[in-house]
Amino acid sequence: MDLSYRPHDYFWANRRGIQLTSAIKGARRGAAYQAALDTGEDFDPIYAEPEYLPDQDPHEVEIARIVIRSTTRDVTCVYAAPQGKRIAYRIVDEYGGDTLSGPDRLISNKPLTLGALRSFFLTGWDLLQVLDYNGEYWDYNEDQVLDFIVEASSDFYPAFGQAVMRKVQRWLSAKQRSLRNQRRREAA
């Protein structure tokens, strides 16, 4: 995995009138659209209707998303839009920004590297904090923690999901070590 990977352009599909899977709001709807593309079957337009994510501005595209296995299967995304010769980014959630915990806007001169995207996303929306909160109930069991992340994907960064999972696995290993040490101290 190359964290220095940088796509050439985010906006090529918009300029050509091509709808990417990421343009479909809602994880289930996006999956249904992708399945229709994969099989060549007709796509039911009902799946293209919006769900709870904020609407994208006319020139804005979704460049990454993370879906968690919460009760409502929450989705958090990074949108990007051209802004003159620069690119403006924003992190959006399905709760009007209530789940965001850090800077949720960024401007760059060119597309972000994979590492910069992951850092921006996970700083603005603290996935590790979400996992920590829920991990208590699972005693930080690796399978359950990792299963809580339904999807980490990007139409522009093929290794985005792998980059997110690597960060989560490092955090989880450190958390499990800390818990083992704490239990040893308590037992002594």
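See above for the structure.
Notes on the structure in this doc start here. Just so we're clear, the structure is a prediction, and the values are computed from it rather than from any experiment.

**Brief notes about the environment of Tyr140**
Inspection of the secondary structure assignment puts Tyr140 in the loop between helix 4 (127–135) and helix 5 (142–147). The buried category is assigned to Tyr140, whose relative accessible area is 6%. It is 7.3 Å that separates the C-alpha atoms of Tyr140 and Leu172, two residues lying 32 residues apart in sequence. The residues touching Tyr140, leaving out its near neighbours within four places in the chain, are Leu131, Asp132, Gly135, Val145, Trp171, Leu172, Lys175, Gln176 and Leu179.

**Notes on the packing of aromatic side chains**
The description of an aromatic ring pair uses the distance of the two centres, along with the angle that the planes make with each other. All told, the structure shown has nine aromatic pairs when counted by the stated rule. Ring centres of Tyr10 and Phe11 lie 5.9 Å apart, and the angle between their planes is 85°; this geometry places the pair in the edge-to-face category. Given the relative accessible area of 0%, Tyr10 is considered buried. Between Tyr140 and Trp171, the ring centres sit 6.2 Å apart and the planes meet at 65°, which makes this aromatic pair edge-to-face. Placement of the pair is Tyr140 in the loop between helix 4 and helix 5 and Trp171 in helix 6 (residues 160–187), with a sequence separation of 31 residues. Considered together, Tyr140 and Trp171 belong to a single accessibility category, that of buried residues. These aromatic residues form a ring-pair network of at least three members: Tyr5, Tyr10, Phe11, Tyr89, Phe120, Phe156 and Tyr157.

**So, unusual backbone geometry**
In the Ramachandran plot, Arg73 falls in the positive-phi region, its phi being about 50° despite a non-glycine side chain. Mapped onto the fold, Arg73 is located in the loop between strand 1 (61–68) and strand 2 (75–83). Classification of Arg73 as partly exposed rests on a relative accessible area of 24%. Even without glycine at this site, Tyr140 takes up a positive phi of about 55°.

Reading the values: rules and limits
Residues numbered from 1 in each chain as written. Predicted model: local features only at pLDDT ≥ 70, side-chain atom pairs only at ≥ 80, totals over all residues. Heavy atoms only, no water. Helix = DSSP H or I, 4+ residues; strand = E, 2+ residues; numbered from the N terminus. Buried < 20%, exposed > 50% of the residue type's maximum accessible area, 1.4 Å probe, protein only. Contact = heavy atoms within 4.5 Å. Phe/Tyr/Trp six-rings, centres within 6.5 Å; stacked < 30°, edge-to-face > 60°.

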